[in-house]
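Architecture at a glance
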Amino acid sequence: MAETHVLFVEDDDVIREATTLALERDGFVVTAMPDGLSGLESFRADRPDIALLDVMVPGMDGVSLCRRIRDESTVPVIMLSARADSIDVVLGLEAGADDYVTKPFDGSVLVARIRAVLRRFGHAGGPQNGGPGGDEGTDGERGVLSFGDLQVDTEGMEVRKAGAAVALTPTEMRLLLEFSSAPGTVLSRDRLLERVWDYDWGGDTRVVDVHVQRLRTKIGQDRIETVRGFGYKLKA
């Protein structure tokens, strides 16, 4: 099995060295950089499997670096923030990050979150328990679900709106597949955290809210409806 290459951008020498050692003990190959500019250069040169970006790094902050990475790649990104209630968390998610971890963190927690993200990206073939089933609701082509002008190919992992291709990150695709498997059904944030983000414990629902908003901008603002106090549903 190929080793997983992690790009880690952190300006604190102690945290960078300690975290690098912890990740390497768990079998990851780590390239650690002290600032955003060197992090971007390393990303372009090495094309890592996942990027860990501290929000507050010199040269180019983590949020800006995440945007640059997302412009070029769908590689998973986890943001690291010292303030759980900071606007930095939301900014990082809006920039395209797939998840975030609050500092200080336990090494085992960080590894668990990395593995959870990698599982999602390695199994982007639809929700658990088989994903959307049967041919009901398709446009006559196996695995293609239609919702108005939106078409979701659950086998080819492609999305089209009014015939034009829609570029989604793997996390956004998994989120859309979860909605597509139960159109018209309200899905709670906790369920989405469990099924899409692979959390078997309570997580921060801001992750869900920001990703839903990002998905809306790509497939149509009115396609996913907010049901206040309960969650979201895909309009059938």
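Here is a short report on the structure shown in this document.

Basis of the calculations
- Residues numbered from 1 in each chain as written.
- Predicted model: local features only at pLDDT ≥ 70, side-chain atom pairs only at ≥ 80, totals over all residues.
- Heavy atoms only, no water.
- Salt bridge = Lys/Arg side-chain N within 4 Å of Asp/Glu carboxyl O.
- Helix = DSSP H or I, 4+ residues; strand = E, 2+ residues; numbered from the N terminus.
- Buried < 20%, exposed > 50% of the residue type's maximum accessible area, 1.4 Å probe, protein only.

1. A closer look at the pattern of salt bridges
- Within this structure, the stated rule accounts for 15 salt bridges.
- Across the pair Asp 98 and Arg 70 runs a salt bridge whose closest N-O atoms are separated by 3.2 Å. Of this pair, Asp 98 sits in the loop between helix H4 (87–94) and strand S5 (99–102) while Arg 70 is found in helix H3 (residues 62–72), placing the two residues 28 residues apart along the sequence.
- Residue Arg 70 is classed as buried on the basis of its relative accessible area of 16%.
- A salt bridge links Arg 195 to Glu 178; the shortest N-O distance between them is 3.7 Å. Pair noted here: Arg 195 is in helix H7 (residues 189–195) and Glu 178 is in helix H6 (residues 170–180), with a separation of 17 residues, a long-range link. The residues Arg 195 and Glu 178 share a single accessibility class, namely buried.
- Put simply, Glu 10, Asp 54 and Lys 103 are held in one network by salt bridges that share partners.

2. Comments concerning unusual backbone geometry
- In the segment running from Lys 103 into Pro 104, the intervening peptide bond is cis, with an omega of -5 degrees.
- Take Pro 104: it is sitting in the loop between S5 and helix H5 (107–122).
- The residue Met 157 is not glycine, and still its phi comes out positive at about 55 degrees.
- Structurally, Met 157 can be placed in the loop between strand S7 (150–153) and strand S8 (158–161).
- The phi dihedral of Ala 162 is positive, around 55 degrees, even though this residue is not glycine.
- The topology assignment puts Ala 162 in the loop between S8 and strand S9 (164–166).

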